[in-house]
Amino acid sequence: MNSQIGMAQYLVLKAPGVIRSSGLGSCIGIALYDPFTRVGGLAHAMLPKHRPGRDDNKGKYVDTAIDAMLAEMEAMGCNRQNIVAKLAGGAQMFPEQDKEGKVSVGEKNVAAAQEYLRELGIPIVAEDVGGHSGRTIELYCEDGTLYIKTINSETKI
Amino acid sequence: MFKKLSFSQQDLMTEIGTIGTGHAATAMANMLGKKITINVPQVDLVTFDHVSDFVGGPEQVLACVYLEVLGDLPGTVLVMFDGPAANRLLTNLNIGEKADYLNLTPLQESALKEIGNILAGSYLSALGDFTNQRIFTSVPNLAVDMADAVFSVPMIALGRMSDYALLIQAKFFQEQQNTGYILFIPTPDAAVKLLKIFGVDAHE
């Protein structure tokens, strides 16, 4: 099963599922994976933190997307202590414009994900973040590999 | 904020797109010395996973000039060219020996930014005159990358206010060949203001 998610969406699948998200720019891709149950979740989050009292789409924010994926993964039998994370994205697409103050929105998304995962005690085992290129990512729930493609390179973490 | 457009809201936004795109097309025709045609602008109110449908999907590689719209009707203008269109445009304007959109020279980069600036400027000055609003833009910025990656920047700004993006989008053609896209993405507040200016109910 090969499933696509777009901006501000997330999805949790069992092996042999593959979750793909295209064209992450300043958004951040958060992959959660439990190697024991081989259940994986991928989010394409746009902003660091939800604002309380707003009934927004959960996939839009780093914190609510992580919470939502964890809840689904636990409902599918994952133990939170086994879950690890990988991050990709958070690029600065437009060198002069894409920033607020000195920090780009991409960097803010990366920092928010790192901080929230640390708070939850979920280790980040690999990351490919920052830079100036968009990324297309694929999470293989078979083994937790995250494939990353830009318009001129390919890698896996 | 709105989740669906009524017929009259859709009509008004299409009209706004037509006026802006018409002027931008004239500017492009003057620049190239060739006849440029446009389609009827397409107005979509979409969730963030559908923002790049019009330009060929999330992975379509585009040369994108991004301008922030400031003043009375804030938002974003994106002027976008797919690879072949960017190459043809630079070749037609005789900028650099050979144009390769994936390896642009600094001169070609500034040419694309300037072209984007001129097209967006004509679009917005027409819109400003038509609505009697004061509009100006940031300096143009360029990225050559996948559509969703470049869209992420204006969508993140919009995401703070809404789960939806209002896209007023049009295509330029030269003898049936696609020569580029121009998109105006007003903020939700600017969209409501536009509706009010023309007496269209914002809460239908």
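Here, the structure is the one placed above.
Cut-offs and rules
Residues numbered from 1 in each chain as written. Chains lettered and ligands numbered in written order. Predicted model: local features only at pLDDT ≥ 70, side-chain atom pairs only at ≥ 80, totals over all residues. Heavy atoms only, no water. Helix = DSSP H or I, 4+ residues; strand = E, 2+ residues; numbered from the N terminus. Rg over C-alpha atoms; globule rule 2.2 N^0.38 Å. Buried < 20%, exposed > 50% of the residue type's maximum accessible area, 1.4 Å probe, protein only. Contact = heavy atoms within 4.5 Å. Areas by Shrake-Rupley, 256 points an atom, 1.4 Å probe, with all protein chains shown as cover. Lys, Arg positive; Asp, Glu negative; His and termini not counted. Charge placed at Lys NZ, Arg CZ, Asp CG, Glu CD. Buried area = accessible area lost by both parts, 1.4 Å probe. Salt bridge = Lys/Arg side-chain N within 4 Å of Asp/Glu carboxyl O. Pairing = 2+ DSSP bridges. Axes fitted to C-alpha atoms, helices over the stretch in contact; angles between N-to-C directions. Polar contact = N/O pair within 3.5 Å; in protein donor to acceptor, adjacent residues only side chain to side chain. Phe/Tyr/Trp six-rings, centres within 6.5 Å; stacked < 30°, edge-to-face > 60°. Core = buried A, V, L, I, M, F, W, Y, C linked by side-chain atoms within 4.5 Å. Parallel < 35°, antiparallel > 145°, perpendicular 65-115°, else oblique. Left-handed = near helix turned anticlockwise from the far one by under 90°. Nonpolar A, V, L, I, M, F, W, Y, C, P; charged D, E, K, R; others polar.

Peer 1: Explain the overall build of chain A to me, please; I cannot follow it from the model alone.
Peer 2: The helix and strand inventory of chain A stands at two helices and twelve strands. Listing the helices and strands of chain A from first to last along the sequence gives β-β-β-β-β-α-β-β-β-α-β-β-β-β. In terms of overall dimensions, chain A is globule-like: its C-alpha atoms have a radius of gyration of 14 Å, near the 15 Å expected for 157 residues. Looking at chain A as a whole, 54% of its 157 residues qualify as buried. Counting only contacts in chain A whose residues sit at least 6 apart along the sequence, the fraction spanning at least 24 positions is 63%. Summed over all atoms, the accessible surface of chain A reaches about 6800 Å², with 48% contributed by carbon and sulfur. On chain A, the mean spot of the 17 positive side-chain charges and the mean spot of the 19 negative ones are 1 Å from each other.

Peer 1: I would appreciate a short explanation of the environment of K149 of chain A in the present structure.
Peer 2: Tracing the backbone through its elements, the reader meets K149 of chain A in strand β11 (residues 146-149). Between the C-alpha atom of K149 of chain A and that of Q4 of chain A, which follows or precedes it by 145 residues, the distance is 15 Å. Beyond its immediate sequence surroundings of up to four residues, K149 of chain A is in contact with G134, R135, T136 and E154 of chain A together with E59 and M146 of chain B.

Peer 1: What is the right way to read the interface of chain B and chain A from this model?
Peer 2: In many analyses, interface size is given as the accessible surface area lost on bringing the parts together. Chain B puts 32 residues into the contact, and the matching count from chain A is 37 residues. Buried area between chain B and chain A, both sides added, is near 2500 Å², and the carbon and sulfur share of it is 58%. If you sort the residues of chain B by the area they bury against chain A, N141, I156 and R160 of chain B come out on top, with a joint share of 24%. For the interface between chain B and chain A, the tally reads two salt bridges. One salt bridge in this structure joins E59 of chain B and R20 of chain A, with 2.4 Å as the shortest N-O distance.

Peer 1: Quick question: what am I supposed to make of the sheet that holds strand β1 (residues 2-5) of chain A here?
Peer 2: Sheets are built from strands paired through backbone hydrogen bonds, the pairs being either parallel or antiparallel. All names here are of chain A. One open sheet accounts for five strands, arranged β1-β3-β10-β11-β12; its pairing is mixed. Strands at the two margins of the open sheet, each flanked by one partner only, are β1 and β12 (154-156). Going across the sheet, the axis of each strand differs from the next one's by a mean of 20°, ignoring polarity. The pairing of strand β10 (residues 135-140) with β11 spans four bridges and is antiparallel.

Peer 1: Whenever I open this one, the side chain of D34 of chain A confuses me. Can you help?
Peer 2: Residues and elements named next belong to chain A. Mapped onto the fold, D34 is located in strand β4 (residues 28-34). For D34, which is buried and forms no salt bridge, the nearest opposite charge comes from R38, at a distance of 9.3 Å. At 2.9 Å, the side chain of D34 and the backbone nitrogen of F36 are in polar contact. Ignoring any residue separated from it by four or fewer positions in sequence, one finds D34 in contact with V39, M73, C78, N79, N82 and I83.

Peer 1: Hey, could you run me through the packing of aromatic side chains in this one?
Peer 2: Describing an aromatic ring pair means giving the distance of the ring centres and the angle of the ring planes. Here the structure, examined in full by the defined rule, presents five aromatic pairs over all chains. Relative to Y66 of chain B, the ring of F94 of chain A has its centre 4.8 Å away and its plane inclined at 20°; by these criteria the two rings are stacked. Of this pair, F94 of chain A sits in the loop between β6 (84-89) and β7 (99-100) while Y66 of chain B sits in strand β3 (residues 61-71), which puts the two residues in different chains. Residue classification places F94 of chain A among the buried positions, given a relative accessible area of 0%.

Peer 1: Before we go on, may I ask you to explain the nonpolar core in this structure?
Peer 2: Side chains of a nonpolar character, in soluble globular proteins, are inclined to be buried together. Ranked by size, the top nonpolar core spans 51 residues in total, and within it M13, F81, L112, L119, I182 and F184 of chain B carry the most contacts. If near-sequence neighbours (up to four positions away) are discounted, F81 of chain B is found in contact with M28, L62, A63, A86, L89, L112, I115, L119, T179 and G180 of chain B. I5, A8 and L24 of chain A together with V150 of chain B belong to the second largest nonpolar core, which has 47 residues in total.

Peer 1: What is the right way to look at unusual backbone geometry in this model?
Peer 2: Most peptide bonds take the trans configuration, and most residues that are not glycine carry a negative phi. Cis geometry is adopted by the peptide bond preceding P16 of chain A, which originates at A15 of chain A and carries an omega value of 5°. Topologically, P16 of chain A is positioned in the loop between β2 (10-14) and β3 (18-24). In this model, R38 of chain A sits at a positive phi of 55°, which is unusual for a non-glycine residue. In this fold, R38 of chain A is placed in the loop between β4 and β5 (39-45). Backbone geometry places E175 of chain B, a non-glycine residue, at a positive phi of 45°. Relative to the helices and strands, E175 of chain B is located in the loop between β7 (164-174) and β8 (177-186).

Peer 1: When you look at the packing of helix α1 (residues 62-75) of chain A against helix α2 (residues 105-120) of chain A in this model, what are you seeing that I'm missing?
Peer 2: Two measures define how a pair of helices packs: the angle their axes make with one another and the distance between the axes. Residues and elements named next belong to chain A. Put simply, α1 and α2 touch, their axes get as near as 9 Å, and they point 45° apart. Taken together, the axes of α1 and α2 are oblique relative to one another. α1 and α2 meet at a crossing whose hand is right-handed. Mapping the contact onto sequence places V62, D63, I66, D67 and L70 in α1 and N109, A112, A113, Y116, L117 and L120 in α2. Within the contact of α1 with α2, the residues separate by chemical class into eight nonpolar, one polar and two charged.

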